[in-house]
Amino acid sequence: MKKHVVFFEVEGGTDKGPDGYRPDTLPMLKSLRKRGWMAEVIFYADEKKDEIFERVVQDADAYVSRINPGNLKDESAYFQLLRQLCEFGVKGMPHPDAMIGYGAKDALIKLRDTPLVPEDTFAYYDIASFKKNFPKSLKKGERVLKQNRGSTGEGIWRVQLASDSEEAEEVSLNATLRCTEAKDNHVEEHTLETFMTFCEQYIIGENGMLVDMPFLPRIKEGEIRLLMLHKTPVNVVHKKPAEGEDAFSATLFSGAKYRYDSPEEWGGLVRSFLDSLPVIMERLGGYNLPLIWTADFILDTDEQGHDCYILGEMNCSCVGFTSQLSLSENVADEIISILSEVESMEQLNNR
Ligand SMILES: Nc1ncnc2c1ncn2[C@@H]1O[C@H](COP(=O)(O)OP(=O)(O)OP(=O)(O)O)[C@@H](O)[C@H]1O
Ligand SMILES: [Mg+2]
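- As annotated in an unreviewed UniProt entry, the chain is DUF6815 domain-containing protein from Aneurinibacillus aneurinilyticus ATCC 12856.

**What about the overall build of the chain?**
Part 1: A count of helical and extended segments in the chain gives ten helices and 15 strands.
Part 2: Compactness check: the chain gives a C-alpha radius of gyration of 22 Å against a globular reference of 20 Å for 351 residues, within 12% of the reference.
Part 3: Across its three principal axes, the chain shows a C-alpha extent of roughly 70 × 45 × 45 Å.
Part 4: With 351 residues in all, the chain has 51% of them scored as buried.
Part 5: Of the accessible surface of the chain, which amounts to about 16,700 Å², a share of 50% is contributed by carbon and sulfur atoms.

**What about the site of ligand 1?**
Part 1: In the vicinity of ligand 1 there are 20 residues, among which Lys146, Thr152, Gly153, Phe248 and Glu313 approach most closely.
Part 2: Contact between ligand 1 and Leu216: a nitrogen atom at 2.8 Å from a main-chain N or O atom of the residue.
Part 3: Within the contact set of ligand 1, an oxygen atom lies 2.7 Å away from a backbone nitrogen or oxygen of Phe248.
Part 4: Among the secondary structure elements, those contributing two or more residues to the shell around ligand 1 are strand E6 (143-147), strand E10 (210-214) and strand E15 (307-315).
Part 5: Looking at the shell around ligand 1 residue by residue, the class counts come to eleven nonpolar, five polar and four charged.
Part 6: A domain-level breakdown of the shell around ligand 1 finds at least three residues from each of domain 2 (103-109 + 218-323) and domain 3 (119-215).

**So, helix H6 (residues 127-139)**
Part 1: Between its terminal C-alpha atoms H6 stretches 19 Å, which fits the 18 Å expected from 13 residues at 1.5 Å a residue.
Part 2: A maximum bend of about 35° is found in H6 at Asn133, where proline Pro135 lies one to four positions downstream.
Part 3: Turning to H6, its buried residues number three or more, namely Phe130, Phe134, Pro135, Ser137 and Leu138.
Part 4: Its side-chain oxygen 3.3 Å from the backbone nitrogen of Ala128, Asp126 forms the N-cap of H6.

**Some words on the environment of Gly20**
Part 1: Within the secondary structure, Gly20 is located in the loop between strand E1 (4-9) and helix H1 (25-34).
Part 2: The exposure class assigned to Gly20 is partly exposed, which follows from its relative accessible area of 26%.
Part 3: Taking C-alpha positions, Gly20 is 9.2 Å from Val10, a pair spaced ten residues apart along the chain.
Part 4: Beyond its immediate sequence surroundings of up to four residues, Gly20 is in contact with Glu9 and Phe43.

**Brief notes about the pattern of salt bridges**
Part 1: Counted under the stated rule, the structure contains 24 salt bridges.
Part 2: Its salt-bridge partner being Lys240, residue Glu243 comes within 3.8 Å of it at the nearest N-O pair.
Part 3: Beyond isolated ion pairs, a larger network of salt bridges with shared partners links Asp15, Lys16, Arg22, Asp24 and Arg66.

**What about the packing of aromatic side chains?**
Any aromatic ring pair is given by two values, namely how distant the centres are and how the planes are angled relative to each other.
Part 1: This structure, assessed with the given rule, holds 16 aromatic pairs.
Part 2: An angle of 45° between the planes, with centres 5.4 Å apart, marks the rings of Tyr21 and Phe43 as tilted. Taken together, the positions of Tyr21 in the loop between E1 and H1 and Phe43 in strand E2 (residues 38-43) put the pair 22 residues apart, joining distant regions of the chain.
Part 3: Ring geometry for Tyr78 versus Phe79: centroids 6.0 Å apart, planes at 45°, classification tilted. We note that Tyr78, like Phe79, is buried.
Part 4: Positioned above the aromatic ring of Phe215 is the side chain of Arg158, whose terminal nitrogen or guanidinium carbon lies 4.0 Å from the ring centre.

**Quick look at the environment of Pro135**
Part 1: Along the chain, Pro135 turns up in helix H6.
Part 2: Linking Pro135 and Asp302, residues 167 residues apart in sequence, is a C-alpha distance of 25 Å.
Part 3: Beyond its immediate stretch of four places on either side in the chain, Pro135 contacts Phe130, Glu170, Val171, Leu192 and Met196.

**Some words on the domain arrangement of the chain**
Part 1: Assigned domains of the chain: these are domain 1 (4-94 + 324-350), domain 2 (103-109 + 218-323) and domain 3 (119-215).
Part 2: The distance between the C-alpha centroids of domain 2 and domain 3 comes to 23 Å.
Part 3: Across the boundary between the two partners, domain 2 contributes 18 residues, which contact 27 residues of domain 3.
Part 4: Carbon and sulfur atoms supply 61% of the area that domain 2 and domain 3 bury against each other, a total of about 1,500 Å² over both sides.
Part 5: When residues of domain 2 are sorted by the area they lose upon contact with domain 3, Lys105, Asp246 and Phe248 head the list and together hold 43% of the total.
Part 6: Between the two partners, domain 2 and domain 3, sit one salt bridge.
Part 7: Between Asp246 and Arg178 there is a salt bridge, with the nearest N and O atoms lying 2.6 Å from each other.
Part 8: The tally of links from domain 2 across to domain 3 stands at eight residue pairs in polar contact (both at pLDDT 80 or more).
Part 9: Those elements giving two or more residues to the side of domain 2 that touches domain 3 turn out to be helix H5 (107-110) and E15.
Part 10: Examining the composition of the side of domain 2 that touches domain 3, we find that three residues originate from one element, E15, more than from any other.
Part 11: Here the residues of the side of domain 2 that touches domain 3 sort into ten nonpolar, four polar and four charged.

What counts and how
The residue numbering used here restarts from 1 in each chain and proceeds along that chain's sequence as written. As they are written, the chains are lettered A onward and the ligands numbered 1 onward, keeping that order. Since the coordinates come from a predicted model, pLDDT governs what is reported: local features require at least 70, and pairs of side-chain atoms require 80 or more to be given and counted, while whole-chain, interface and lining totals use all residues. Side-chain metrics in this entry use all non-hydrogen atoms of the structure; hydrogen atoms and water are not considered. Helix and strand definitions here come from DSSP, where helices need a minimum of 4 consecutive H or I residues and strands a minimum of 2 consecutive E residues; each element is numbered from the N-terminal end. The atom set for the radius of gyration is the C-alpha atoms, and the globule formula is 2.2 Å times the number of residues raised to the power 0.38. For the exposure calls, accessible area comes from a 1.4 Å probe over protein chains only, and a residue counts as buried if that area is under 20% of its type's maximum, exposed if over 50%, partly exposed in between. Per-residue and other accessible areas follow the Shrake-Rupley method at a 1.4 Å probe size, with only the shown protein chains counted as cover for residues. Here, proximity means that at least one heavy atom of the residue falls within 4 Å of the molecule or strand. Any pair of N or O atoms that falls within 3.5 Å is considered a polar contact. Within protein, one atom must be able to donate a hydrogen and the other to accept it, and sequence-neighbouring residues count only if both atoms are side-chain atoms. Residues are grouped as follows: Ala, Val, Leu, Ile, Met, Phe, Trp, Tyr, Cys and Pro are nonpolar; Asp, Glu, Lys and Arg are charged; all remaining types, including Gly, are polar. Here the bounds of each domain stem from an automatic or database domain assignment. Take the number of residues in a helix, subtract one, and multiply by 1.5 Å to get its expected span. Fitting one axis to the seven residues ending at a residue and another to the seven starting there, the bend at that residue is the angle between the two axes. Every residue pair with non-hydrogen atoms within 4.5 Å of one another is taken to be in contact. In what follows, salt bridge is the name for a side-chain nitrogen of Lys or Arg lying within 4 Å of a carboxyl oxygen of Asp or Glu. Two aromatic rings from Phe, Tyr or Trp, using only the six-membered ring of Trp, form a pair when their centres are within 6.5 Å; if the ring planes differ by under 30 degrees the pair is stacked, by over 60 it is edge-to-face, and anything between is tilted. Sitting over a ring, as applied to charges here, requires NZ of Lys or CZ of Arg to be within 6 Å of the ring centre and within 35 degrees of the ring normal. Here's the idea: put two parts together, see how much 1.4 Å probe accessible area each one loses, and the total over both is what we call buried area.

This is the structure we're talking about:
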């Protein structure tokens, strides 16, 4: 082993401290160096791609990706570099396809036949199937539509019928809807037809699609975020939406209140999530779990009347831990333990 890890960052973006780095990157470097490892930050730019590739393949055992793809002009070149590095034996933390798979909203669809996701959750990749199916799914009750691209609640809509609809298999195109956007909990009224036309923007273009899932009313009790360090929950954030009939958003900007808990306080959730990690890994392409990632849950009630936890989304491309920098010590230990495990596997295979 070379005992050398590179951290990729990109210049600019709102996630940087005054020194130009993400505030939680240098603490990880320090913690690795304390353990006798080399660690450095490389600022990614498309034009430096080949040079970076050569250097990292030669020097490093692993990379840790600390780039929000939203801060890149063209994320495909960056992902291509990561993919190449992994092919040449550099350990990806995470592998680019894991980053895409865990981060995409349609990860939910891949997990639909597990208890993590309600059965009547759908994804629409073209306008025709959206317009054909959404009037039927809305008939079953309140829904949440999620676009793939945005973040912090943009293009995430709670959709209710403004009045009871007539007996029919699907909601009629001229029915009035109450639509609340998670960005700021503002409400708009539209007919089903105009709202579906408005939503076309989320489906067209690269990576466009909409996830359609049941609205979970217990979001009022809060969204529960597990901060995961590889396979270990290290922190829980409880996000309670603002008061108000329509409010459902757990984003800070919308007025949600955040509370930080320890994983021990959420034993039931933690145990059931840890049990489902193997199936999550398998469904999302068989990659190693990301190094630092999050999974968000909303409470629901199962058929027996027991609490259960529904997965709302996962994030793994630029999850930070700025509010708890001491975690850098755990991260360094985890990186070293993952790489040591890889090394002993390789030694076994080479025997
Ligand atoms: N099925 C649901 N039922 C009730 N509320 C939901 C549901 N899905 C999402 N929400 C609410 O909407 C908010 C935004 O949705 P989501 O977290 O999926 O997207 P996002 O916040 O835009 O993405 P990111 O967290 O990556 O920025 C959630 O924080 C939660 O409060
Ligand atoms: Mg979210």
